[in-house]
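Architecture and fold: a report
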Amino acid sequence: MNNSPDFDVNRAVELVETQPNDNESHPSAGGGLPVIQYWVEKTLTPTGLKLWQTLNHKSACLSCAWGTGGQKGGFVNEASEYLQRCAKSVEAIASELQPAINREFFQKYSITQLQQLTSQECDRLGRLNYPLILRTGASHYSRITWEEVFQIATKAFQQPAQRIATYSSGRSSNEAAYLLQLLMRSLGSNNLADCSDLCHAPSTVGLKQVFGSGTSMVSLESLKESDCVVLVGSNAPANHPRLMNELIKLRQRNGKVIIINPQIEIGLVKFASPAFPIKSLLKGGSDISTLYLQLIPGSDVALFIGLQKSLIEQDLIKKDYLASYTDGWQEVINYAQQTSWETITNTSGLSIEEITAAAYLIGTSERVVFAWAMGITQHSNGVDNVFSIANTALITGNAGKLGAGTMPIRGHSNVQGFGSMGVTVRLKEEIKQALSQLLGHPVSETPGYDTRALIEAATEGKIDTLLCLGGNLYAANPDLKQAKFALSQIPTIFYVATKPNLGHFHGLAQHQTLILPVFNRFENPHQTTTESGNNFVRLNDPGTSHLQPSEAELISEVELLTEIAHRLHGESPINWRKLQDTSYVRELIAKTIPGYQKIATIDKTQEEFTIEGRIFTQPKFATSSGKAQMFVTPLPQLNLPSKTNFGITEESTGIVLILGTGRSYGQHNTVVYQQGDKYRGMPHRHCILMNRLDVQNAGLQEHQRVYVKGDVGELDNIEIICGTIREGAAFMFYPEANILFSANSDRRSGTPAYKRVPVCVYVK
Ligand SMILES: Nc1nc2c(c(=O)[nH]1)N[C@H]1C(S)=C(S)[C@@H](COP(=O)(O)OP(=O)(O)OC[C@H]3O[C@@H](n4cnc5c(=O)[nH]c(N)nc54)[C@H](O)[C@@H]3O)O[C@H]1N2
Ligand SMILES: Nc1nc2c(c(=O)[nH]1)N[C@H]1C(S)=C(S)[C@@H](COP(=O)(O)OP(=O)(O)OC[C@H]3O[C@@H](n4cnc5c(=O)[nH]c(N)nc54)[C@H](O)[C@@H]3O)O[C@H]1N2
Ligand code: SF4
Ligand SMILES: [Mo]
């Protein structure tokens, strides 16, 4: 379809860097020239001026939750430091600045044709500009009016509370998020699935139990005081680039960085940051890792128990601290002592020497920050992983003081704000009480569906109406076939979005699928707020869209949600239309959301703030006893199926590996901006990264095209790329790989084990 002469893709903004050359040698550092090149290319395009203006607009970066921008200006972080905006930010803005989709486009192309598009092609179609509907039996999406949308929505939401649901991803504002949950709770439903269910839910669930607060306890200011960072299961050079500046500065002040990751990510060894230009360009980047532990995927609990055991043996634990500020520590210590070194080294694949060295660095540092991302959470024991990190922080006294603590590195730019605003199936008791008072009736006690439960419920025909506030529910889930089927059992689905994505063309409803175009963060006609992963609330100024009203009928998410609520409830018990002025929404947030009191005056003061009760600089925590709660973390059982489990004979050429799925620097989740990944030497999306020894042992060769088979699907024509990944492990990009496997979910958080998927790589 891309080759068709009248296909509209060519006139879209040139978004993508030229494809990396297969023969090009891999960069010797993360960041660096490719990133600078990207900046220059983008900002010198015809839309460059608008891009610069948007970068300078006072609003938070659209991309990741590290958090940059806001009232201090587009380039300033929470510590008022300048030049803090990375290429990801440029990429996200450039994509939003695309022209509107051609008027005739959806008349011309049928849904079958639209289903041929790749993720990147969907995004490059341009900005969505009119409400669209695809009705049963129709071959094309067609335009409808907003009035028709509201009539359909009013009817669709008048279903039994348990049969309506929402899903969201964290790009929208706090105000939109708050209204989304208020609308659902007002209708008696708790079915507020969110992308965090697939992401940091284990961190939220785990940390809440340990410290009484589910977010990072380390502010940016506090991170600057640390002398050791343990970075676990994170590819920050690609996914949170500005965090790398903090690691560079830490190394410059003689601090230590311990990396725990089955893959050697080049940017975690050396990173060339544009913030340190001389080093970046002349010296090939700054050193990051002091020690790199390349463990077996899914074995982090074993490693952390090993670290605890070694700390005990080296007499580096803080007994007085444990006795004064924690509960449950004796059991944790006993468990570490009883677990044999043999079990620990066999499970983790690391040597005693490596573990002892890491324990020594941690135990002899004054202020240690433990930071992690998806390599920790996306496992069937995700919550145990989080517990084992928290235990290690606690036995070394590294929680509740400046420069130390636990720091989940959050994903989407406002995903944490969504959780704070009550978009969660695990609503805090205090919020529940406050909302009940506001709504004049008790919030329903029926448990809501999280994302995986929503897919299951939909599969069983238990959902009538689904509204997706952003995101890509279809492609973000494991087992794409099941996701597609599940969505096809829902009579009405609304996709609220700024640009088309795979979900709009594959995640079709039973009777009617609607796509509703909205303003993005820097275009909203009113002020909004967002919350960074470091618990900092930013104010986003009102803006305008580059799309003219004559070519685009966009509305704000706030207007959309309040109008639906108004049509359903009138003015009872809240004047919903009044809430279209977001300052009133902030009044409600201040009244009902703990720690958010300062938002009540933010319109007047313009003062951005850190949320109260989350940054612990004293060892007094938010649990009922004030003490941190420690939990024993059982060792994971890491079994590998055999080839015959995949229906492949033992004699055939091939190998069973543990696949970890994740992202390249050139994609944002399910949205692909660039095809290849130079840093990993993967030239396109259809590669599998393997260890050279595995390739040899299996009788395969680098660049050979192979089949990759999971428990529910298979991909063919996948190119083998040899890389710095541990033996027995492999890596592929998502969302493409989501066709392969069904994934176990963590029992306590519902998060799928995207990082430990058994697959068979073979040839027929
Ligand atoms: N460029 C870009 N930035 C993004 C995103 C994006 O898609 N693109 N997405 C945003 C979102 S929503 C999120 S959640 C974050 C994700 O940010 P990350 O969590 O950094 O991203 P992932 O690609 O999922 O990879 C995590 C790392 O975990 C490692 N890993 C895999 N298995 C294990 C294991 O068993 N143990 C350990 N210790 N490590 C393991 C992988 O090798 C990889 O380096 O990024 C955010 N920022
Ligand atoms: N195999 C595998 N699967 C995974 C993961 C993995 O590591 N491996 N990671 C998981 C993780 S961590 C996450 S967070 C999920 C991501 O899951 P989702 O959040 O569901 O997916 P995204 O691709 O981030 O959604 C992007 C879409 O959001 C919409 N959007 C962008 N800006 C706005 C806005 O301002 N308003 C509105 N309304 N819409 C907007 C656009 O239409 C865009 O296409 O995927 C999960 N799935
Ligand atoms: S690190 Fe994250 S928040 Fe900061 S500029 Fe880059 S994408 Fe935006
Ligand atoms: Mo995420």
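Residues numbered from 1 in each chain as written. Chains lettered and ligands numbered in written order. Predicted model: local features only at pLDDT ≥ 70, side-chain atom pairs only at ≥ 80, totals over all residues. Heavy atoms only, no water.

1. Focus on the overall build of the chain
Note the threshold: Strands are runs of DSSP state E lasting at least 2 residues, helices are runs of H or I lasting at least 4, and numbering of each runs from the N terminus. Radius of gyration: C-alpha atoms only; globule rule: 2.2 Å multiplied by the number of residues to the exponent 0.38. In this scheme, a residue with accessible area under 20% of its type's maximum is buried, one over 50% is exposed, and one in between is partly exposed, where area comes from a 1.4 Å probe on protein chains only. The contact criterion used throughout is that any non-hydrogen atoms of two residues lie within 4.5 Å. For every accessible area listed, the method is Shrake-Rupley and the probe measures 1.4 Å; residues are considered covered only by the protein chains on display.
When its secondary structure is counted, the chain shows 31 helices and 28 strands. Taking 2.2 N^0.38 as the reference for a compact globule, 764 residues should give roughly 27 Å; the C-alpha atoms of the chain span a radius of gyration of 25 Å, in line with that estimate. Within the chain, the proportion of its 764 residues that are buried is 66%. In the chain, the proportion of contacts linking residues at least 24 apart, taken out of those at least 6 apart, comes to 77%. With the model as given, the accessible surface of the chain reaches about 26400 Å², and the carbon-plus-sulfur share is 50%.

2. Quick look at the sheet that holds strand β25 (residues 705-709)
Strand pairing in a sheet relies on backbone hydrogen bonds, with the paired strands running either antiparallel or parallel. Just so we agree on the cut-off: Here the rule is simple: two strands pair whenever DSSP picks up at least two bridges between them. Lines are fitted to the C-alpha atoms to define the axes, a helix being fitted only along its stretch in contact, and any angle between axes, read from their N-to-C directions, falls within 0 to 180 degrees.
The strand order β21-β27-β24-β26-β25-β28 describes a closed barrel built from six strands, whose pairing is mixed. Neighbour to neighbour, the strand axes of the sheet diverge by 45 degrees on average, direction disregarded. Bridge count between strand β24 (residues 687-690) and strand β27 (residues 729-733): two bridges; the pairing is antiparallel. Across the sheet, residue L689 finds its bridge partner in β27, namely F731.

3. Brief notes about the UniProt feature "domain: Molybdopterin dinucleotide-binding" (unreviewed entry) in the chain
Threshold: UniProt positions are given in the numbering used here, feature names are shortened, and annotations may be inferred rather than shown by experiment.
Under the present numbering, the feature "domain: Molybdopterin dinucleotide-binding" (unreviewed entry) in UniProt falls on residues 657-758. Secondary structure across residues 657-758 comprises 6% helix and 34% strand; the distance between its end C-alpha atoms is 6 Å.

4. Notes on the site of ligand 1
Cut-off, in case you're wondering: What makes a residue near a molecule or strand is one non-hydrogen atom of that residue sitting within 4 Å of it. Under this definition, polar contacts are N or O atom pairs within 3.5 Å; protein pairs additionally need one hydrogen-donor-capable and one acceptor-capable atom, and for neighbouring residues in sequence, both atoms have to be side-chain atoms. In this classification, Asp, Glu, Lys and Arg are treated as charged, Ala, Val, Leu, Ile, Met, Phe, Trp, Tyr, Cys and Pro as nonpolar, and every other residue, Gly included, as polar. By convention here, the domain bounds are inherited from an automatic or database domain assignment.
As a matter of local geometry, ligand 1 sits amid 33 residues, with K88, E265, G298, Q667 and N669 nearest to it. At a separation of 3.1 Å, a nitrogen atom of ligand 1 approaches a polar backbone atom of I260. Within the backbone of N669, a nitrogen or oxygen atom sits 2.6 Å from an oxygen atom of ligand 1. In isolation ligand 1 offers 920 Å² of accessible surface; the protein chains occlude 98% of this area. Secondary structure elements with two or more residues in the shell around ligand 1: α11 (236-239), α20 (374-377) and β22 (667-668). Per-class residue counts for the shell around ligand 1 are eleven nonpolar, 17 polar and five charged. Looking at the shell around ligand 1, you find at least three residues from each of domain 1 (9-19 + 201-410) and domain 3 (643-762).

5. Description of the sheet that holds strand β14 (residues 465-469)
Reading across from one edge, β3-β2-β16-β15-β14-β4-β5 is the order of the seven strands in this open sheet, with mixed pairing throughout. Edge positions in the sheet fall to β3 (142-143) and β5 (192-194), since each has one partner strand and no second. Pairing of strand β2 (residues 132-135) with β3, which is carried by two bridges, proceeds in the antiparallel orientation. Bridged to I133 within β3 is S142. Across the sheet, helix α8 (residues 174-186) lies against β4 (164-168), β5 and β14, angled at about 165 degrees from β4, the strand it touches most.

6. Some remarks on the environment of I333
Along the polypeptide, I333 turns up in helix α17 (residues 329-338). A relative accessible area of 8% places I333 in the buried class. When the C-alpha atoms of I333 and K309 are compared, they prove to be 7.7 Å apart, with 24 residues separating the residues in sequence. Once residues within four sequence positions are removed from consideration, I333 is found in contact with I312, I317 and L322.

7. Considering the packing of aromatic side chains
Defined as follows: Between rings of Phe, Tyr and Trp, where Trp is taken as its six-membered ring, a pair exists when centres lie within 6.5 Å; planes separated by under 30 degrees are stacked, by over 60 edge-to-face, and by other angles tilted.
This structure, assessed with the given rule, holds 16 aromatic pairs. On the numbers, 5.0 Å between centres and 45 degrees between planes, the contact of F105 with Y109 is tilted. For the pair F105 and Y109, one class covers both residues: buried. The interplanar angle of 15 degrees and the centroid separation of 6.2 Å between the aromatic rings of F157 and F494 together place this pair among those described as stacked. With a gap of 337 residues between them, F157 in the loop between α7 (146-156) and β4 and F494 in strand β15 (residues 492-497) connect regions that are remote in the sequence. Assigned by exposure class, F157 and F494 land together as buried.

8. A short note on the domain arrangement of the chain
Note the following rule: One side-chain nitrogen of Lys or Arg within 4 Å of one carboxyl oxygen of Asp or Glu is enough to make a salt bridge.
As assigned here, the chain comprises domain 1 (9-19 + 201-410), domain 2 (105-199 + 431-610) and domain 3 (643-762). Taking the mean C-alpha position of each, domain 1 and domain 3 sit 25 Å from one another. If you look at the interface, domain 1 gives 32 residues, while domain 3 gives 29 residues. In this assembly, domain 1 and domain 3 are joined by two salt bridges.

9. Focus: the pattern of salt bridges
Enumeration over the complete set of coordinates arrives at 27 salt bridges. Residues E175 and R586 are paired through a salt bridge, measuring 2.9 Å at the closest nitrogen-oxygen approach. Taken together, the residues span a long stretch of sequence, with E175 in helix α8 and R586 in helix α29 (residues 582-592) at a distance of 411 residues. When sorted by exposure, E175 lands in the same class as R586, which is buried. Note that K432 and E445 form a salt bridge whose closest N and O atoms lie 3.3 Å from each other. One end of the pair, K432, is in helix α23 (residues 429-439); the other, E445, is in the loop between α23 and α24 (451-459), with 13 residues separating them in the sequence. One network of salt bridges, in which partners are shared, links E96, D123, R127, R171, K499 and E523.

10. Remarks on the site of ligand 2
As a structural note, the neighbourhood of ligand 2 is formed by 33 residues, with Y167, N472, E557, T670 and N738 the closest of them. At 2.9 Å, a side-chain N or O of T661 approaches a nitrogen atom of ligand 2. Here ligand 2, which alone exposes 920 Å², has 98% of that area covered by the protein. Among the residues forming the shell around ligand 2, the class breakdown is 13 nonpolar, 14 polar and six charged. Both domain 2 (105-199 + 431-610) and domain 3 (643-762) contribute no fewer than three residues apiece to the shell around ligand 2.

11. As for the environment of E225
Looking at the secondary structure, you find E225 in the loop between α10 (220-223) and β6 (228-232). What makes E225 partly exposed here is its relative accessible area of 38%. Sequence-distant contacts of E225, defined by excluding residues within four places in its chain, comprise R253, R367, L402 and G403.

12. Quick word on the pairing of β27
With five of its five residues buried, β27 lies for the most part within the structure. Residues A729, F731 and F733 line one face of β27 and the alternating positions A730 and M732 line the opposite face, and both faces are buried. As paired elements, strand β21 (residues 654-662) and β27 share five bridges and run parallel to each other. Residue pairing in the sheet places T661 in a bridge with M732 of β27.

13. Quick notes on the environment of L132
Mapped onto the elements, L132 comes out in strand β2. With relative accessibility at 6%, the residue L132 sits in the buried group. Separated by 290 residues in sequence, L132 and G422 place their C-alpha atoms 29 Å apart. In this structure L132 touches F106, Y141, S142, R143, I144, T513, L514 and I515, once residues within four positions along its chain are discounted.

14. Some words on empty space enclosed by the protein
Summary: where empty space remains is shown by rolling a probe the size of a single water molecule over the atoms. Definition in use: Grid points spaced at 1 Å and placed over the protein atoms alone form the basis of the search, with a cavity being a set where a 1.4 Å probe fits but cannot get out and a pocket an open set showing protein on both sides within 12 Å along at least five of seven lines. Lining residues have an atom within 4 Å of a point. Grid points are joined across faces, edges and corners, and a volume is the space filled by probe spheres set on the points.
This model, assessed by the stated rule, comprises eight cavities of 30 Å³ or more. Estimates place the volume of the second largest cavity at around 90 Å³. Taken together, 14 residues form the lining of the second largest cavity, with C61, C64, T68, C86 and R242 sitting closest to its centre. Here the residues of the lining of the second largest cavity sort into five nonpolar, six polar and three charged.

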